[in-house]
Amino acid sequence: MRSTPTGRRTAAAIALTVPAALISVTGPASAAEPAPAYALAATVSPAPLTAAECTDPTCILVAAPRGGTLDDYAVINAAITTAAGRTTPTSTATVLLRSGTYRLTKGLKLPPNVNLRGAGIAATTLLMDPTVNWKNFSYSFLVLPSDAKQDGSTNLVSDLTVNGNCRTGAGAPTPSALPGRPGDPCDFLAPTGATGNTGGGIKVGDRWTVRQVRFTNFEYFKLWVSGTKDARIVDNRFDNWGGAESDGEDNIGGGGLNDGTVIENNQYDVTARGNFFDFTNALNTTVRNNIVHTNKTVAAARKVTEYGNLYFEGVMGGTVTGNVLEGSHIVLQSNARYSHVYPNKDVNQPRDILVANNHIMDSATAGVAIGYEDYLDTDNTGGTADDQMLQSAADSVDHYVRLGGNNVVRDNLIERSRESGILVYGNAAVKKNPDTIVGNRVVNSGYAGSTTYNTGVGYFETAGIGVSAGTGDQIYGNEIVDDQARPTTWYGVQIGARKGTSTPTGTVLTGPAGETNTTTGIIASPVRYGTLAPEAPANVTATTSGLTWSESYATTNPIAGYRVYHDGALVADLPVGSAEIPANLLSADDASLENAAAGTAGWTPGTSVSLSRTDTAGAIGGASLKLTATGSGQISTYGPKVPVTAGTTYTSVASFQAGTVSRRVRAGLAYTDATGKVTRLASGNSATVDPATGWVTSSYSAAAPAGAVTVQAFLMVEGATPGETHLIDRMGLVTGAVTEQWVDPAGMAGRYDLVSYRAETGDNSPSVTRVVS
């Protein structure tokens, strides 16, 4: 949505239609079915009214179009005036247009109870002519309500085409693979000096029905529904056939707390442009049985990644059911992203919306996304919770926020979304009630997409379902499937986002009858807790011989090891301390180094410590270095000296295990120059604390300073007390920063994914992908 027509709204007591959590549904299709082809023919509409049937005094038959560049506005407007005089508060009159193209230099305003009908969707056309006075269409439409209001009135616009003349003379009902000059501005803008937002299709009023109307070739919104009650948008078509093109505004747009709008059985062609649907601030909206087609060829021609999406922004109450979406997706979110002035100063969170039985294919992001967002006022606080639809004063520092939740996403078939199938994310403080995600089938998430993506409030890896905001969300009975030869779905359900601003609590993964989520063919685990994910490995390189990488940076999620996947299959699990590079410098057979008699092969003690050798299960070389504190404070040890080149980067690494008490441990480097001056540098990471079981690794990289001639690994344990013991293993020193490796015994080409994983829980880091040919 770009710019909106002006208008005011009032908010009184409002009743929301809440979808029942146990609404009867038939369940998603179990296998992919292609979307029905776009066609102009009616699916649920009656046949057009004919001239022969227009015999009643309340039916005014308009003369045929005058043709050429002649204006037909006066003739049609006179018929509308006549029809208005033949209505009553409880009866309508109809203006019937003949076949042909009626050229209009002004928009047609329909009074209450006046219908405008054509001879057929491909037979009658209303063509906008902005060349006479484009300002007649600035922020306005070809057909719109008059200023008059009447309780209980109805209007019907049906069986015709509205054409905005964006591409001059284009828009015939001739199927096209591409729009005319994709993405270029409308032809009339430059010659007339017209601004954007000029010339929309139809703006509806209360209880209007728009049926079997084709919308094509528009610069502005195609169909606008704002501040209305009980509008019905039925069996319409949206395209840019016949060389037409449109600007990027929504095809069905609006808001203004419109109430009770029904949008059903409409079709959107691959040549259409902009969102299929976008309401901002609306109540009890029904969107059902619509078909949306998009494709990558048209998107690329316009230099965009996606179009045709369905946005419910600040929509409270409604249903989204039975839609078939090809290349687009469904988004429920607040209106917080708009300018924070009326009508978007107060924020409406998505709530009480049912999303069910939709077939969503090949979306550019998530198939269904629910986002909870607010904004901060000038006092750096969020909005004040309100359920009475109060309106904050224009000069108020504070704003109101209507809390969200109680959305139900169930029984949808979601295939090949480039991100996760279903995502729930955002600010938990503005989500009052839990959401329910049940009975969905999600197939091949992450297809041709990235494995990691940022929602703005935390990172997700590709999963069937991801949730990062809320308390007590119910997620069960879903089926997550990846049937690709090289799967792209990492997890069944991800709970919590990495680096998220909130953490979900009390998530329910089992239904009342014992229903659970099932996974087939995914890469990693059925459930993954994103808040427990460690950092990913760095400096990863891959060849057919294997992988090399640098240690993952340690955080409060300690790293237990690394996993290597090849084309989606686990091929190696490497616990900390098991990797062969840079090997253990505690060599059992190197007696030439100092302290060999003590079995510590070249390692010298620092202060307040004694060194010894101890056999340790799983140790590289069969033993570990044991540090015993003889005093209080830092204890340390130094490795053998290695010649260096000034300016070259070196890395020390070691794995630590507590013998008695866990302490902060650090790796560092000690550079010595020709005069014997020692420069000690070390990691400042406070998260590397050695465990009593398992190992924690610390590493540190730094360039050799000018004048340095040797370097030693410098390893420390902080805050020790006398008698404490700490084991150190896999002590190493390398040139550069690569400290880990895995040798591929099969020497395979293909896709490699490398992750670190967390101690205790096993949750993976984000993956680092490399493709070897």
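Okay, so let's go over this structure. Here the structure is a predicted model, which is why all the values come from computation and not from measurement.

### Considerations on the pairing of strand 57 (residues 725-735)
For strand 57, the tally of buried residues reaches ten of eleven residues, placing the bulk of the element in the interior. Sheet analysis places strand 52 (residues 649-658) next to strand 57, joined by eight bridges and oriented antiparallel. For Tyr650, the partnering residue across the bridge sits in strand 57 and is Thr735.

### A look at the environment of Ala682
Tracing the backbone shows Ala682 in strand 54 (residues 678-682). On the basis of relative accessible area, Ala682 is assigned to the partly exposed category, the value being 24%. Not counting the four nearest positions on each side in its chain, Ala682 is found in contact with Arg666, Ala667, Gly668, Tyr700 and Met716.

### Concerning the sheet that holds strand 27 (residues 400-402)
In space, the three strands of this open sheet follow the order 22-27-26, with parallel pairing throughout. Strands at the two margins of the open sheet, each flanked by one partner only, are strand 22 (347-348) and strand 26 (384-385). Note: strand 22 against strand 27, two bridges, orientation parallel. Considered in strand 27, the bridge of Val347 is made with Val401.

### Thoughts on the sheet that holds strand 44 (residues 546-550)
Strands sit in the order 43-44-58 across an open sheet of three strands; the sheet is antiparallel. Looking at the sheet topology across the chains shown, the edges are occupied by strand 43 (538-543) and strand 58 (740-743). Between one strand axis and the next, the sheet turns through 10° on average, direction left out of account. Bridge analysis of strand 43 against strand 44 gives four bridges, and the strand direction is antiparallel. Following the sheet pairing, Thr541 is matched in strand 44 by Thr548.

### A short note on the pattern of salt bridges
Applying the stated criterion to the full structure yields 28 salt bridges. Across the salt bridge formed by Asp239 and Arg214, the nearest N and O atoms sit 2.9 Å from each other. Here the residue Asp239 occupies a position in the loop between strand 13 (237-238) and strand 14 (252-259), and Arg214 occupies one in strand 10 (residues 208-216), the gap between them amounting to 25 residues. Arg337 serves as the salt-bridge partner of Glu373, at 2.9 Å between the closest nitrogen and oxygen. Residue Glu373 is located in the loop between strand 25 (368-372) and strand 26, and its partner Arg337 is located in the loop between strand 21 (330-333) and strand 22; the two are separated by 36 residues in the primary sequence. Owing to a relative accessible area of 52%, Arg337 belongs among the exposed residues under this scheme. A single network of salt bridges, built from pairs that share partners, joins Arg167, Arg181, Asp184 and Asp187.

### Topic: the layout of surface pockets
One way to see where empty space is left: roll a probe the size of a water molecule over the atoms. Volume-wise, the second largest pocket comes out at about 340 Å³. If you go around the second largest pocket, you meet 19 residues; those closest to its centre are Lys296, Thr305, Asp362, Ala364 and Arg418. The dominant element in the lining of the second largest pocket, judged by the number of residues it contributes, is helix 3 (residues 296-301), at three residues. Of the residues that constitute the lining of the second largest pocket, the class distribution is seven nonpolar, six polar and six charged.

Reading the values: the criteria
Residues numbered from 1 in each chain as written. Predicted model: local features only at pLDDT ≥ 70, side-chain atom pairs only at ≥ 80, totals over all residues. Heavy atoms only, no water. Buried < 20%, exposed > 50% of the residue type's maximum accessible area, 1.4 Å probe, protein only. Helix = DSSP H or I, 4+ residues; strand = E, 2+ residues; numbered from the N terminus. Pairing = 2+ DSSP bridges. Contact = heavy atoms within 4.5 Å. Axes fitted to C-alpha atoms, helices over the stretch in contact; angles between N-to-C directions. Salt bridge = Lys/Arg side-chain N within 4 Å of Asp/Glu carboxyl O. 1 Å grid on protein atoms, 1.4 Å probe; cavity = no way out; pocket = protein on both sides within 12 Å on 5 of 7 lines; lining within 4 Å. Points joined across faces, edges and corners; volume = space filled by probe spheres on them. Nonpolar A, V, L, I, M, F, W, Y, C, P; charged D, E, K, R; others polar.

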